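Topology and contacts: notes
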Amino acid sequence: MTELYTDHHASALDAADPLRHFRDEFHLPLHDGAPQAYFVGNSLGLQPKGARAHVEEVLDKWAREAVEGHFTGSAQWMPYHELVRDPLARVVGAQPSEVVAMNSLTANLHFMLVSFYRPTPERPVLLMEAGAFPSDRYALESQLRFHGFDPAEALIEVQPDNADGTFSMAAIERAIAKHGPRLATIVWPGVQYRTGQAFDLKEIARLGHAAGAVVGFDLAHGVGNLPLQLHDAGADFAVWCHYKYMNAGPGAVAGCFVHERHARTDRPRFAGWWGNDASVRFRMGPQFSPTPGADGWQLSNPPILGLAPLRASLEQFDRATLPALRAKSERLTGYLEQLIDADLRDVLQVATPRDPAQRGCQLSIRVIGGRERGRELFDVLAARGVLGDWREPDVIRISPVPLYNSFADVLRFARTVKEWRDGR
């Protein structure tokens with residue numbers, strides 16, 4: 001057994017981790033009475049222990065004050081969404097006026113496309129990556145049909161050009177150049193959900209804008225995972241969810257970014273009362289005057305109970321800081337990669353880029369031997385309390401999250417794979 005595979009080595013790494021105490025701030029699912037090795041933060045993050053107090057605060061206020069809760073106390077409901085604005089802006093690298101927590105991810109994507117996909121017969125094309133998360137493809141295809149265009153002609157899906165199924169920047173650049181004269185809008189992921197590949201958002205935005213296109217990003221797997229600089233990257237818009245790395249709970253209220261250059265835009269949008277200028281909102285007039293910035297894309301008053309857990313999560317991110325979380329994330333995935341290279345290369349193939357700059361928490365792993373063998377290993381891992389997730393046709397996603405995963409968790413995964421292999 002190499003030193004990498006010893007309890008002593010993993011324990012030393014955990015002891016040297018300045019963020020190790022955050023693990024105690026989460027509810028860890030149990031397996032046979034002991035904590036799971038939970039590697040599914042890329043799908044649903046664990047519950048911060050502080051979330052309950054924020055939810056109960058809302059429930060207690062509702063019980064005591066009913067409608068008056070909108071206007072009383074430090075967490076009054078009328079401006080409640082503003083409580084998450086500044087910390088959320090810090091997480092995504094934006095100006096506070098550029099972000100808003102609202103709706104769900106795909107709803108926000110549709111609302112953004114209403115404003116930022118304005119096709120003409122000369123420029124009808126939407127560009128995305130091949131193999132995108134299905135909801136994104138459904139949204140883009142339906143937008144094309146809504147505007148009267150044929151997706152077979154106007155939806156361009158860029159194919160991965162690397163042997164491992166990832167994309168080179170050259171492939172993205174070629175696609176933008178090829179379709180530039182007809183290109184209306186680009187929607188690209190911050191992190192590709194299946195492979196875990198992370199992208200240079202600033203360069204993609206630059207290329208898209210140079211071609212005359214609008215550029216937006218789906219950051220479902222990027223927010224809370226990578227240190228983002230959305231304002232400086234220059235994207236026109238971005239959307240994301242908060243139930244993965246942001247740990248705000250199942251179906252959590254999602255997030256949206258609109259660059260400040262569009263703060264006062266005459267682009268069309270679907271309007272709602274809550275997006276109307278707050279200074280005149282309660283005059284109940286017929287004229288819609290959007291609030292400048294991202295708030296102007298809101299439709300209805302926010303779900304207070306849904307926003308409450310996000311407050312707990314953002315408090316943790318402020319204390320941990322994204323640079324520190326990113327540094328630990330690189331150590332965790334690096335350790336996982338070392339363990340695979342040391343003794344599991346005959347079993348596992350990492351499909352995520354080796355370059356840490358091109359990935360976040362997630363390593364997508366293929367089991368050598370095909371789907372049947374992969375499913376066998378996945379089921380064995382789950383039966384032994386090591387939980388990743390499966391993506392067809394042949395990928396196990398393992399995502400060590402720096403807020404709550406440990407180096408001992410990573411070692412447990414590798415040991416379980418080793419025991420399975422040696423026992424077959």
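Just so it is clear, the structure is predicted and the values come from calculations on it, not from any experiment.

What follows deals with the sheet that holds strand S6 (residues 99-101). Ordered in space as S6-S12-S11-S10-S9-S7-S8, the seven strands form an open sheet in which the pairing is mixed. Each edge of the open sheet is held by one strand with a lone partner, namely S6 and strand S8 (155-158). Each neighbouring strand pair of the sheet contributes to a mean axis angle of 15°, computed without reference to strand direction. Summarising the sheet, strand S11 (residues 237-240) and strand S12 (residues 255-258) pair through four bridges and their orientation is antiparallel. Among the inter-strand pairings, Ala238 is bridged to a residue of S12, identified as Phe257. Across the sheet, helix H4 (residues 105-116) lies against strand S7 (125-129), strand S9 (183-189), strand S10 (214-218), S11 and S12, angled at about 165° from S11, the strand it touches most. Strand contacts of helix H5 (residues 134-146): S7, S8, S9 and S10, with the helix running at about 170° to S7, the strand carrying the most contacts.

This paragraph deals with the packing of helix H2 (residues 51-65) against helix H10 (residues 304-320). In contact at an axis separation of 8 Å, H2 and H10 are set at 145° when each is read in the N-to-C sense. For the pair H2 and H10, the sense of crossing is right-handed. Taking contact as the criterion, the partners of Ala51, His54, Val55, Glu57, Val58 and Leu59 in H2 are, on H10, Ile304, Leu305, Ala308, Pro309, Arg311, Ala312 and Glu315. Here the residues of the contact of H2 with H10 sort into nine nonpolar, one polar and three charged.

Here we come to the environment of Pro356. Mapped onto the fold, Pro356 is located in the loop between strand S13 (348-350) and strand S14 (363-367). Residue classification places Pro356 among the partly exposed residues on the basis of a relative accessible area of 34%. Taking the C-alpha atoms as reference points, Pro356 and Val223, 133 residues apart in sequence, are found 16 Å from one another. Dropping the residues within four chain positions of it, Pro356 is found in contact with Arg326 and Glu330.

Cut-off values and rules
- Residues numbered from 1 in each chain as written.
- Predicted model: local features only at pLDDT ≥ 70, side-chain atom pairs only at ≥ 80, totals over all residues.
- Heavy atoms only, no water.
- Pairing = 2+ DSSP bridges.
- Helix = DSSP H or I, 4+ residues; strand = E, 2+ residues; numbered from the N terminus.
- Axes fitted to C-alpha atoms, helices over the stretch in contact; angles between N-to-C directions.
- Contact = heavy atoms within 4.5 Å.
- Left-handed = near helix turned anticlockwise from the far one by under 90°.
- Nonpolar A, V, L, I, M, F, W, Y, C, P; charged D, E, K, R; others polar.
- Buried < 20%, exposed > 50% of the residue type's maximum accessible area, 1.4 Å probe, protein only.

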